[in-house]
Amino acid sequence: MSFGKKKQKKRGLGSLDQGSGNPTGLNLIALMDILSNIIFFLMASFGAQTLDLTSANKVKLPYSTSELALKMSLSVAVTMDELYVEDEPIGTLDVGKLTGLDENRMVPSLEKALKRVRADRLAKNERPKDEDEIVLFIADERLEFATIDRVMKTCARAGFTKFRFTVGKQ
Amino acid sequence: MAGGGDDEATAFDLTALMDILSNIIFFLMASFGAAVVAIVPASVPTISEGGENDTATEEDKVTVTMKVEADGKVAISAANNEMLPEELKPYDKTIPGKDGSIDAEAITSHLWSIKDAFRKSENIVIVCDEKVTYATLINAMDASRERKMEVDGKKVHPQMFPAVVVSSMAK
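Residues numbered from 1 in each chain as written. Chains lettered and ligands numbered in written order. Predicted model: local features only at pLDDT ≥ 70, side-chain atom pairs only at ≥ 80, totals over all residues.

Here's the deal with the interface of chain A and chain B
Turning to step 1, where the next piece is worked out: Taken together, the contact between chain A and chain B spans 50 residues of the former and 37 residues of the latter.
Turning to step 2, where the next piece is worked out: Going through the elements one at a time, α1 (29-49), α4 (145-157) and β7 (162-169) of chain A are the ones with two or more residues in the side of chain A that touches chain B.
Turning to step 3, where the next piece is worked out: Sorting elements by how many residues they give to the side of chain A that touches chain B places α1(A) first, with 10 residues.
Turning to step 4, where the next piece is worked out: Residue classes in the side of chain A that touches chain B are distributed as 25 nonpolar, 11 polar and 14 charged.
Turning to step 5, where the next piece is worked out: By the bridge criterion, 7 bridges tie β7(A) to strand β1 (residues 37-43) of chain B in an arrangement that is antiparallel. In the sheet register, Val167(A) faces β1(B), and the bridge partner there is Ala38(B). (Contact = placed C-beta atoms within 7 Å. Helix = DSSP H or I, 4+ residues; strand = E, 2+ residues; numbered from the N terminus. Nonpolar A, V, L, I, M, F, W, Y, C, P; charged D, E, K, R; others polar. Pairing = 2+ DSSP bridges.)

Next comes the structure, spelled out in C-alpha cells:
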C-alpha cells in the first residue's frame, strides 16, 4: 500500500495498480470489523467462565455434566495442603486431612474468617442479598468426604448453608 | 490525510493491526476451551426452630435418600410423611459399585422410576461415608440431577432431583 502522489481508488480485491510495480492494496476494513467483533465476543465469554483465583490453580477440579454457568460469590477453596477464604490462606491440611480442629471437629480459623466477612458486610450497612449466603466451594477431587463435610459444616455454623460446587465441564 | 475535498478513499496500512488482532484471537481461542468451569448447587442440613423436617408430605412428592459408600455401593430409599413405609418399600434399592466407583447409569435409571411415580419430587439427600471422595460425590450428584434420553430422535435432559442436601452418616 502506498501514500504516493497518485491516489488510488481502493475497491476490495479489484484495485490492482497495473503496470506500475506497486504492491496491491486490499480493503481490510471489513475484515477488521469481523475480527474486532470476534475479539469482543471471546473476551466477554472468557471473563464469564474463568475462575480468577490463585487458590483455584492449586486444585484439581472434579468433572461434571452440569451446564450451570459460574457465578461468583464468597469463595472457600480447599486444596490438598491449604484452606482459603476469598483467596487468602487461613489454614493448612496434611495431605487432604484438616489440622487444628476444635472439640466439635470444626475449623476455628475458617469460622472466624467467615464471621469476619459477615461482620464486614453488616458494617458496610449493605442490604442482605440471597447471593451473600452462598459459598462458592472449590475443592480438590481427591479430598475425602470427611474433610469436605467438616468444611461445609463449619461454613453452615458461620451462617452459610448454601453452596455452589465448582466443577470442570465434561 | 490528504483528502482535501475530493471523494477518493485514502489507504491506511492496517497490516500491523491485523497481525495484533489475529494474535489476540488465537490466544483467546486457545485459553477459552481450557478454562471452562460450571457449578453444581447444594446445601447442608439445617435445624428448623419449629422441629419440622423437609420430608415430603404431598402425595406426588417424595424425599429421596441416597447413601454412598467408599466402595461405590449406593442404597436408595424414598420417604413421605403422609405415606406408610411399606408403600414406599418397592422404591428401596441397593446398587453395588462398579469399577471402584458408583454405577451412575443404574442409579439414574432407578431414580427415574421414582421420579416417574412421584412427578413433583425434587429433593434428594446424599449421605456419604467419610472415605468417599469429592469426585464420587459430584458423580452421585450428576447421576441424580438429570437423565439423558432420546425422545423422537431428539436428545432431552429431563430434571430428576436438582435440590441436593449433602450430609454425613450418623455415628
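Observations concerning the pairing of β7(A)
Residues and elements named next belong to chain A.
Turning to step 1, where the next piece is worked out: Of the pairings in the sheet, the one linking strand β1 (residues 63-64) to β7 comprises 2 bridges and is parallel in character. Within β7, the residue paired with Tyr-63 across the bridge is Gly-168.
Turning to step 2, where the next piece is worked out: Across 4 bridges, strand β6 (residues 134-139) lies against β7 in parallel orientation. Note on β7: the bridge partner recorded for Ile-134 is Lys-162.
Turning to step 3, where the next piece is worked out: Regarding the hand of the β-α-β motif, the stretch spanning β6, α4 and β7 is right-handed. (Right-handed = clockwise from strand over helix to strand, strands pointing away.)

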